[in-house]
Each structure stands twice: as structure tokens, then as C-alpha cells.
Amino acid sequence: MTLRLYNTLTGQLDALEPADGTALRMYACGPTVYDYGHIGNFRTFLEIDVLRRFLRLSGVPVRHVMNITDVDDKIIRNASAAGVPIGEYTKQFVDAFFEDLDALRVETPETIARATEHIPQMAALIEKLAQAGAAYKTEDGSWYFRLKAFPAYGKLSKKDLSGMEDGARVDVDEYEKDSARDFALWKAPKAGETAWDSPIGSGRPGWHIECSAMAMEYLGQSFDLHCGGEDLMFPHHENEIAQSETATGVQFARHWMHVRFLLVDGRKMSKSEGNFYTLRDLLLKGFKASAIRLALIAVPYRHPLNFTFDSLTDATKAIDRLRTFKTRLTAGDFDAGESPAMQEAAKKAHADFLAGLANDLNTADAMAAIFELVRAANTAIDQRQFFTRDRDAILPVLRDFDAVFDVVDDRDAEATRRALDWATASGRIGDVAPELIAAQSLTDDRIEALVAERTAAKKARNFARSDAIRTELAEKGVILEDSRDGVRWKRK
Ligand code: AMP
Ligand code: ZN
């Protein structure tokens, strides 16, 4: 099914298809590795993960390139404050970033490109711009892009730049919305700063040129899709377009996707407001990685996401429901045959799920289709109106759901354990929820043994002992569910 995706450049839903008829070439701006990733960053990376997974489910191979910005103003400032070289400073956050992506089940892009490993390509691009008269060097040896050289500047963010001052310059990587000025391509080294020698002089690249050079290095001068969070639209993406299209004379990316911001309790997330969360903060509070994944993708990417702890609790419940349902299907003993109503429901859910995602990645509609199916199937199973071929029709629907959402298959314990190991190693054990520590002290074998002992105690009518075991397990975050088929347990 062809994905129709909102294109910031055209202002409408456009079909997203590979121009070369083979693979979809996409570039996503990656993290600036000066700190641990926060849940806002991960919302953007997760929505892009939903996109690439849906493309693949629809039979479209992807060539996805993501950069790592491992040199910029903030990195230089922080590394120098810590008294270490920038490579040493960024390594811890690069490693943490990939560990976090793994915890959230975000697929690794086909190509990861680090800015510091592509300096020659950036310098060459600046040289090309200089030859075209679109870049100039200032007295200190820095290079700037001449905005007047690109009359289409503003076409992505639809900014009116009529008041633009010719020759006014800005040299910081990030700047205010209304200051469209000549921007830095290359910065001359200040005392003590990391610098690279290149044909255009000694210095380091500006943030914007990084992405232009690396995108074109791996995807060609013109490619299908460029993505990032909404804050990148201006100036970062606008500047990427200006540099790239001036240098090549052809369209840079045909399609632009921007993910709306995550807010916390309706407000901008910020450290000073005390509402700032990294992924690790949430894992250490005892939330499961799968619940965080679902909470961050449940709202379609073109809506701001208001993150609350209630939304995490809801996501946890939704995942429990799906996992219990899947166990019910795979472990259940059904009569041979089929129910026409169930067959119809499975077909409809599958079609609605795909149509939801094809419509600008509407994850909310796609999920609603699946939960409707779960509800109908649970009722049919309760009423013994559910048969082997119904199970066989529904399992592939769940499989396709999980090919994109990836929350049913349970690998949460591993992510939690890694977060705990990290907290222990970095002296943050005080941030860990007490029941999480207690729960980790219980191995699965120990839980099984206690559950068996409790069953035996109940049989022997030793209710004091059976209740004591239930209480002990509950205190350690293990919940017991008595059912007709025996006792099931799960970690909270
Ligand atoms: P950075 O590491 O700051 O370069 O950001 C990495 C990605 O996260 C970029 O695509 C940003 O646009 C995105 N991002 C940053 N803050 C938020 C937020 N609050 N909500 C959603 N995306 C964000
Ligand atoms: Zn970028």
C-alpha cells in the first residue's frame, strides 16, 4: 500500500515512493551527542522507525542514513569544561544512544555517518560553494554562506525573508527564528579548540554543512526523503537546502517529514522546569521499555505529543492486553473450523491497520483497528465461537502489527537490567524505584518455585503461607493471576 505522507515542502500529502524504483533513499538528522537522549529526541527517532518499518512492510526497501553530530558548539563547550578531548567526551553518549535505541527497539539505519569522519567531504562542498560565489571567507578564516546566492531561501519553512539584511552574519549553530542571515559553514579555530586542516584552511565545520555533505555522500545529490524534528525545519533544513541546491543545481530532498514536539504535561520539556526525562530516568522509575515505545508512537507524528505518566500507565495496560491475547491464541485449545464473523473481523482489522498507517502514518487509527479485533476475538473465545482457522487468520494480523509497533514480543527485562547496571556503574542507584531493585533480586526460577509452593500451600489449605507468598511477590513487583488454567505471573 502506498504511503501518503505530509510533505513540508509542498504543504500536502504526497505519495512517498523511491524515485529510482528500487529503494527509498532517506536521511534523518541524528543526535548531537553532548548528553543522554531525552524522550523528546526518542519520539522523533521512534516515529522515523515507524515510517521505515511501514515502508518495509509495504515491500519498499529503505536506504536510511543517519548522522551523528559529534562536533558542534555545545560539544566543544562541554568537553572543554570536562577537560577531555571531544572524541572522549562524545563516546559515552554515542554508546548510550545506541543502547537506548536498542531498548526502544528502534532499528539501526543502514548507514550511520559521524561528522568527524567526513570533514574532507564538508570542506570540498564549501570549496564548491566558494567557486560558485556562494561562500566567502572572513578575516579570521571562517567561511559563510551568502544567503543572497539562493533566492529560494525560505521555501521549506515558508518564511518571508524580505527584510533580510544582506551580509549580516550569524556564527552559532542554532539561532533564533527571525534571524535569516549568512550562516557559518566553517569556523576558524579559537584557542584550545579542536580543528582540522583542510584545503579551505584550518577549523571545523558548522552544523548545517555536516548534513548536506553526508546526505549527498551516501544518497546522491538528489534523494527521496529527509526527516527530523519540527525544530530543525528552520534554520537547519532551510540551510541544508540552500547549500546543497546551490552546489548541485538539482533538488536536494524531494520530500520533507517533520515530527511535532513532545511536551510534558502540556509544557515544553526543560531541565529548569523539572519536567525533563531521559529514557534512562523512566526505565529506572520502573516503566517498561515497550510501554515507553508505545506511549511515544501512539499519537500520530504530526500532532504534538503530550507526555504524562498516565499515558505510560495506559500504554502498559494496552501491551498487557495484547500479550495476554497472543498467549490466549497460541496456548488455547480451539475446535477445528472457522467463524465467518471472525474471518471477516480479521480481514477488516488488517485492512484498517494498513490503511491507517498509509494515511500519513496514523498510528492511532492503526492501533484502534487492532484493539477492535482483540475485543471481538476475546468475546468470541469466551463464547466458544472461535475456531482454529480464526486463530490462523488473526496471528498474521498481530505479526504485521508487531512488524511496525514491536511491543508484543517481550524483551523488556533486558532493557531494564541494562539500565540498572548503568545506574549502578554511574552512581545513580538512588534514582532507582525500590520495587525495581527488589524485583531484580528475584530470578524467574525463584518466582516459579514460590508460585509452585503457594499452589501446594493452597491445596493443603495453608492459607497463611499462600497469602504470605503472594504478598512477598507483590512487594517485589510480581503479580499473580489465578485462572482456570493455573497461575500466571508477571513482573509489574
Ligand atoms: P538533537 O540531539 O538536539 O540534535 O536532536 C535530535 C532529534 O530530536 C532532532 O530530530 C530533534 O528535532 C528532535 N527533538 C528534540 N527535542 C524534541 C522534542 N521535545 N520532541 C520531539 N523531537 C525532539
Ligand atoms: Zn541535520
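Notes on the coordination of the zinc ion (ligand 2)
Item 1. Coordination of the zinc ion (ligand 2) by the protein is provided by Cys29 (SG), Cys211 (SG) and His236 (NE2), with metal-donor distances spanning 2.0 to 2.2 Å.
Item 2. Site description for the zinc ion (ligand 2): donor spacing in sequence, C-x181-C-x24-H. Of this pair, Cys29 sits in the loop between β3 (24–28) and α1 (39–57) while Cys211 sits in helix α5 (residues 207–219), and the two are 182 residues apart along the sequence. Here the two residues Cys29 and Cys211 agree in accessibility, since each one is buried.

So, the site of ligand 1
Item 1. Around ligand 1, a shell composed of 14 residues is seen, among which Thr32, Gly40, Thr44, Asp231 and Leu262 lie nearest.
Item 2. Between Thr44 and ligand 1, the recorded distance is 2.7 Å, taken from a side-chain N or O atom to a nitrogen atom.
Item 3. Between Leu262 and ligand 1, the recorded distance is 2.9 Å, taken from a backbone N or O atom to a nitrogen atom.
Item 4. For ligand 1, the protein covers 90% of the area, taking 500 Å² as the surface of the free molecule.
Item 5. When residues of the shell around ligand 1 are traced back to their parent elements, those giving at least two are α1 and β12 (223–229).

Describing the domain arrangement of the protein chain
Item 1. What the domain assignment reports for the protein chain is domain 1 (4–259), domain 2 (267–405) and domain 3 (417–491).
Item 2. In this structure, domain 2 and domain 3 have C-alpha centres spaced 26 Å apart.
Item 3. Across the contact, 8 residues belong to domain 2 and 11 residues belong to domain 3.
Item 4. When the two sides are added together, the surface that domain 2 and domain 3 hide from each other amounts to roughly 800 Å², 64% of it contributed by carbon and sulfur.
Item 5. Counting every contact that joins domain 2 to domain 3 gives 1 salt bridge.
Item 6. Notably, a salt bridge pairs Lys490 with Asp320, separated by 3.6 Å at the nearest N-O pair.
Item 7. Taken together, domain 2 and domain 3 are joined by 1 residue pair in polar contact (both at pLDDT 80 or more).
Item 8. When residues of the side of domain 2 that touches domain 3 are traced back to their parent elements, those giving at least two are α7 (279–284) and α9 (309–331).

Details of the side chain of Thr363
Item 1. Looking at the secondary structure, you find Thr363 in helix α11 (residues 363–382).
Item 2. In this structure Thr363 comes out as buried when scored by relative accessible area, which is 0%.
Item 3. There is a polar contact of 3.4 Å between the side chain of Thr363 and the backbone oxygen of Ala298.
Item 4. In this structure, Thr363 is in contact with Val50, Ile297, Ala298, Val299, Pro300, Leu357 and Phe405, ignoring residues within four places of it in sequence.

Parameters and conventions
- Residues numbered from 1 in each chain as written.
- Chains lettered and ligands numbered in written order.
- Predicted model: local features only at pLDDT ≥ 70, side-chain atom pairs only at ≥ 80, totals over all residues.
- Heavy atoms only, no water.
- Donors = N, O, S within 2.8 Å, 3.2 Å for Na, K, Ca; no water.
- Helix = DSSP H or I, 4+ residues; strand = E, 2+ residues; numbered from the N terminus.
- Buried < 20%, exposed > 50% of the residue type's maximum accessible area, 1.4 Å probe, protein only.
- Near = heavy atom within 4 Å.
- Polar contact = N/O pair within 3.5 Å; in protein donor to acceptor, adjacent residues only side chain to side chain.
- Areas by Shrake-Rupley, 256 points an atom, 1.4 Å probe, with all protein chains shown as cover.
- Domains from an automatic or database assignment.
- Contact = heavy atoms within 4.5 Å.
- Buried area = accessible area lost by both parts, 1.4 Å probe.
- Salt bridge = Lys/Arg side-chain N within 4 Å of Asp/Glu carboxyl O.

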